[in-house]
Amino acid sequence: MSIARTVRLVILSLILLPSLAMADKAADIKQLLDQSGFSAQVQSLPALIRTEIRYSGEITDDNLDLILGRTDSQALPTQVETAVEKHLFHALGSKDIATLHKWYQSDIGQRITREEVQAGDSSQMEAMLTQKESLLADPKRVKRIQMLDQLTGTTDTALALHRYSSSAVKQALQQALSAQTSDNTKDVNSPAIAEPADTRAAIEQRVTLAFLYAYRNLDDDTLSRYEAHLKSPAARHFNNALHGGLSTGVRTIIDNWADELAAALTETSN
């Protein structure tokens with residue numbers, strides 16, 4: 001083999017190897033999202049976002065129908081999952097990915113994921129509410145579940161998205177009512193948002209109840225092992241990036257829906 005051809009092959013390898021490695025990492029992340037149950041659970045997002053916007057108390061069903069008539073709800077899970085994949089790609093190293101694959105392929109990881117996915121089905125809502133009193137009856141169990149909530153950042157993310165959806169809807173309504181509004185910037189931490197003092201407590205209770213129901217078939221030892229996993233660097237990196245991507249994707253959707261609401265209201269008032 002000539003020196004020139006050897007040099008060309010080396011250069012080609014230097015060009016291709018990073019791309020191949022990135023492709024492998026992207027495939028690993030997609031597999032992690034499947035193994036963790038996120039890919040299945042994200043399919044319920046359109047219904048959850050509609051519920052969250054209604055929960056803000058700033059929009060009627062008629063106005064919500066105006067949004068839904070102008071948007072493709074079926075595209076939402078894909079949009080959010082893409083945002084999550086990007087966050088995970090930048091946040092996870094090869095050691096993190098290997099550790100997470102090992103967890104989700106283990107018996108305990110698969111069992112916990114299976115319980116989460118089953119409990120997340122919308123058909124389970126009535127059963128969860130029926131069992132509310134018994135689920136909340138054990139203070140020690142509730143405290144353990146609240147620790148899992150803190151480690152995963154679920155209430156924090158839900159509260160931020162609640163604030164964001166409330167702010168976005170308010171601004172959309174104001175924009176429709178006043179042509180003077182030209183600034184469309186939406187800030188999740190905007191001090192203009194009036195929020196009941198007990199909003200966080202209400203959201204935390206919803207999350208706690210959902211966790212209690214999801215893990216109702218798991219014993220204390222299993223939950224202790226799960227808690228230990230959530231405290232590991234790999235799990236922290238995964239959950240932080242997952243919630244970061246989820247927030248980014250959902251905020252984009254809420255922005256789009258709010259813009260559609262303002263446009264629809266403006267059109268109907270003309």
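Model, not experiment: these values are computed from the prediction. (Residues numbered from 1 in each chain as written. Predicted model: local features only at pLDDT ≥ 70, side-chain atom pairs only at ≥ 80, totals over all residues. Heavy atoms only, no water.)

1. Examining the pattern of salt bridges
Enumeration according to the criterion identifies 4 salt bridges in this entry. Across the pair Glu85 and Lys30 runs a salt bridge, and its minimum N-O distance is 2.9 Å. Of this pair, Glu85 sits in helix α5 (residues 76-91) while Lys30 sits in helix α1 (residues 3-35), and the two are 55 residues apart along the sequence. Note on Glu85: relative accessible area 18%, which makes it buried. Asp156 serves as the salt-bridge partner of Arg200, at 2.7 Å between the closest nitrogen and oxygen. Taken together, the residues span a long stretch of sequence, with Arg200 in helix α12 (residues 199-214) and Asp156 in helix α11 (residues 154-177) at a distance of 44 residues. (Salt bridge = Lys/Arg side-chain N within 4 Å of Asp/Glu carboxyl O. Helix = DSSP H or I, 4+ residues; strand = E, 2+ residues; numbered from the N terminus. Buried < 20%, exposed > 50% of the residue type's maximum accessible area, 1.4 Å probe, protein only.)

2. A short note on the side chain of Thr208
Within the secondary structure, Thr208 is located in helix α12. Judged by its relative accessible area of 3%, Thr208 falls in the buried class. Setting aside residues up to four positions removed in sequence, Thr208 forms contacts with Leu136, Val142, Ile145 and Gln146. (Contact = heavy atoms within 4.5 Å.)

3. Examining the confidence of the model for the protein
Low pLDDT marks stretches whose predicted atomic positions should not be read closely. Taken as a whole, the protein shows an average pLDDT of 79; of its residues, 71% reach a score of 70 or greater. Note that pLDDT drops below 50 for residues 179-194; the model gives that stretch 25 contacts with residues more than four away or on any other chain. (pLDDT = per-residue confidence, 0-100.)

4. Details of the side chain of Thr113
Tracing the backbone through its elements, the reader meets Thr113 in helix α7 (residues 107-119). Not counting the four nearest positions on each side in its chain, Thr113 is found in contact with Gln35, Ser36, Gly37 and Tyr104.

5. A few points about the nonpolar core
Membership of the largest hydrophobic core comes to 54 residues, with the highest contact counts inside it found for Phe38, Val80, Val84, Leu88, Leu148, Tyr215 and Phe238. With 12 residues, helix α14 (residues 233-269) is the largest single contributor of residues to this core. The residues touching Leu88, leaving out its near neighbours within four places in the chain, are Ile29, Leu33, Phe238, Ala241 and Leu242. (Core = buried A, V, L, I, M, F, W, Y, C linked by side-chain atoms within 4.5 Å.)

6. Focus: helix α6 (residues 94-105)
For the α-helix, the turn length of 3.6 residues means that residues three or four positions removed from each other point alike. In this model, α6 (12 residues) spans 16 Å end to end at C-alpha, consistent with the 16 Å of a helix rising 1.5 Å per residue. What α6 keeps buried is the set Asp96, Ile97, Leu100, His101, Trp103 and Tyr104. The buried residues of α6 occupy an angular sector of 165 degrees when the element is viewed end-on, so they sit on one face. Across from the buried face of α6, at angles greater than 90 degrees, the exposed residues are Ser94, Lys95 and Lys102. (Expected span 1.5 Å × (residues − 1). Arc of directions from axis to C-beta.)

7. Remarks on the packing of aromatic side chains
What characterises a pair of aromatic rings is the spacing of the ring centres plus the angle enclosed by the ring planes. Taken as a whole and assessed by the stated rule, the structure comprises 4 aromatic pairs. Pairing Trp103 with Tyr226 gives two aromatic rings, centres 6.0 Å apart and planes at 10 degrees, and the pair type is stacked. Taken together, the residues Trp103 in helix α6 and Tyr226 in helix α13 (residues 220-230) connect sequence positions 123 residues apart. Overall, the relative accessible area of 12% leaves Trp103 in the buried class. When its relative accessible area of 8% is taken as the criterion, Tyr226 is described as buried. Ring centres of Tyr215 and Tyr226 lie 5.8 Å apart, and the angle between their planes is 75 degrees; this geometry places the pair in the edge-to-face category. Taken together, the residues Tyr215 in the loop between α12 and α13 and Tyr226 in helix α13 connect sequence positions 11 residues apart. With respect to burial, Tyr215 and Tyr226 carry one shared label: buried. Put simply, the rings of Trp103, Phe211, Tyr215 and Tyr226 pair up and form one aromatic cluster. (Phe/Tyr/Trp six-rings, centres within 6.5 Å; stacked < 30°, edge-to-face > 60°.)

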